[in-house]
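Next come the chains, spelled out residue by residue.
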Amino acid sequence: MKIKIIKKNDKNILNLKKADNGVEYFSFDALEKYSELIQGFSTRIGGVSEGPYAYMNLSFSREPDNKEGVLENYKRMAKALGVAENSFVLSYQEHSTNVRLVDKSDMGKGVLYERDYRNIDGLITNERGITLGAFFADCIPLYFYDKEKNVIGLAHSGWRGTSKKMAAIMLEEMSKNFGTDSKDVIACIGPGICQDCYQVSGDVYEEFLKSFGKEDVESFFREDGKEHFRLSLWKANEKVLEDAGVLKENIFTSNICTACNPNLLYSHRIMGEIRGNLAAFLALK
Ligand SMILES: [Zn+2]
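Criteria and cut-off values
Chains are numbered independently. Their residues run from 1 in the order of the written sequence. Selection of residues for local features in this predicted model requires a pLDDT of at least 70, selection of side-chain atom pairs for listing and counting requires 80 or more, and totals for whole chains, interfaces and linings are taken over all residues. Derived side-chain values reflect all non-hydrogen atoms in the structure, with water molecules and hydrogen atoms excluded from consideration. Numbering goes from the N terminus for both helices and strands, where a helix is a DSSP run of H or I of at least four residues and a strand is a run of E of at least two. Counted as a polar contact is a pair of N or O atoms within 3.5 Å, where, for protein atoms, one must be capable of donating a hydrogen and the other of accepting one, and residues adjacent in sequence contribute only when both atoms are in side chains. Contacts between residues were defined by any pair of non-hydrogen atoms, one from each residue, lying within 4.5 Å. For Na, K and Ca the donor cut-off is 3.2 Å, and for all other metals it is 2.8 Å, counting N, O and S atoms only; because water is absent from this set, sites may look incomplete. Donor angles set the geometry label: tetrahedral for four donors if every angle is between 85 and 135 degrees, square planar for four and octahedral for six if opposite donors exceed 155 degrees and the others are between 65 and 115, irregular for anything else. Each residue gets one of three labels from its accessible area relative to the maximum for its type: buried under 20%, exposed over 50%, partly exposed in between, using a 1.4 Å probe on protein chains only. What makes a salt bridge here is a side-chain nitrogen of Lys or Arg within 4 Å of a carboxyl oxygen of Asp or Glu, nothing more.

### Overview of the side chain of S42
Okay, so step 1: The topology assignment puts S42 in strand β3 (residues 37-42).
Okay, so step 2: A distance of 2.8 Å separates a polar side-chain atom of S42 from the backbone nitrogen of A279.
Okay, so step 3: Beyond its immediate chain neighbours, meaning those up to four positions away, S42 contacts E24, Y25, L58, M77, L265, L278 and A279.

Printed below as a string of structure tokens:
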């Protein structure tokens, strides 16, 4: 059955790919022209998990979904993307703004081996053959590619991370470790919850006011009754990237919302805790 994808605009941002093994994943149009990159954002389609986890759950911690099934999902994902099964290095997300510099010694961590780190919401590397991975079900994936220095970064940015400007922290870490200049960076803001689907309370608004000017905050939030707002994490991340020096023409924002597309994507707001996790992947060939 073909699932109809609901998009927020007509722009050609994400292409849905179908691999020979049946795995369907999104690919950023803006990154496809860089042949040294492998990138993708998973959908629910093409895995072996069942029930509320159906089908492509990529998180080992969403019990009781069985771990063998998730491992098989990673094998299928590796094949679909064209990366080695032992190349994955996964985040350990706790809504922090901590970034890990990843190297070959990390390969397999999170899939084949236990992670020997905690509290990591961003990963960066300049080494080839490593597949960075992070998890999502409404929060915002951020992809970074420094096309001059050949450095990649992948981050998880929910409202907490976005309010603390995770995107800018990623760029700082890329700059500190590899000399990245934001002007050379292509930044992609991936599928996540859209403004229409994302109601938040006044304390989230207050949290943003701690690190953004009032005018900016008012451009991210739309009032929605007493003490409630609708928040655009896409817009807020665009602003952080622009302020950090990424050129407007190098920022590409998803028009696909997880909550608008629950048959295709997992959404925490729609499904609650009993669900699978999507994953974002980025690698240098
Ligand atoms: Zn939506």
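### Brief notes about the coordination of the zinc ion
Okay, so step 1: Surrounding the zinc ion are the protein donor atoms C194 (SG), C197 (SG), C257 (SG) and C260 (SG), which sit 2.3 Å from the metal.
Okay, so step 2: Taken together, the 4 donor atoms coordinating the zinc ion and their angles of 105 to 117° define a geometry best described as tetrahedral.
Okay, so step 3: All donors of the zinc ion come from a single chain, and their spacing in sequence reads C-x2-C-x59-C-x2-C. Here C257 lies in the loop between β14 (251-253) and α8 (268-271) and C194 lies in the loop between β10 (185-189) and β11 (199-201), a separation of 63 residues in the sequence. Just as C194 is buried, C257 falls in that class too.

### Regarding the pattern of salt bridges
Okay, so step 1: On inspection of all chains with the given rule, the structure shows 19 salt bridges.
Okay, so step 2: Its salt-bridge partner being E273, residue R62 comes within 3.0 Å of it at the nearest N-O pair. A residue pair is termed long-range when its members are at least 10 positions apart, and R62 in the loop between β3 and α2 (67-81) and E273 in the loop between α8 and β15 (278-284) qualify at 211 residues.
Okay, so step 3: Residue E273 is classed as exposed on the basis of its relative accessible area, which comes to 54%.
Okay, so step 4: Measuring nitrogen to oxygen at the nearest pair gives 3.1 Å for the salt bridge that ties K176 to E173. Remark: E173 and K176 occur in helix α4 (residues 166-178); sequence separation between them is 3 residues, near one turn of the helix.
Okay, so step 5: With relative accessibility at 63%, the residue K176 sits in the exposed group.
Okay, so step 6: Salt bridges sharing partners connect three or more residues here, namely R100, D106, K109 and D116.

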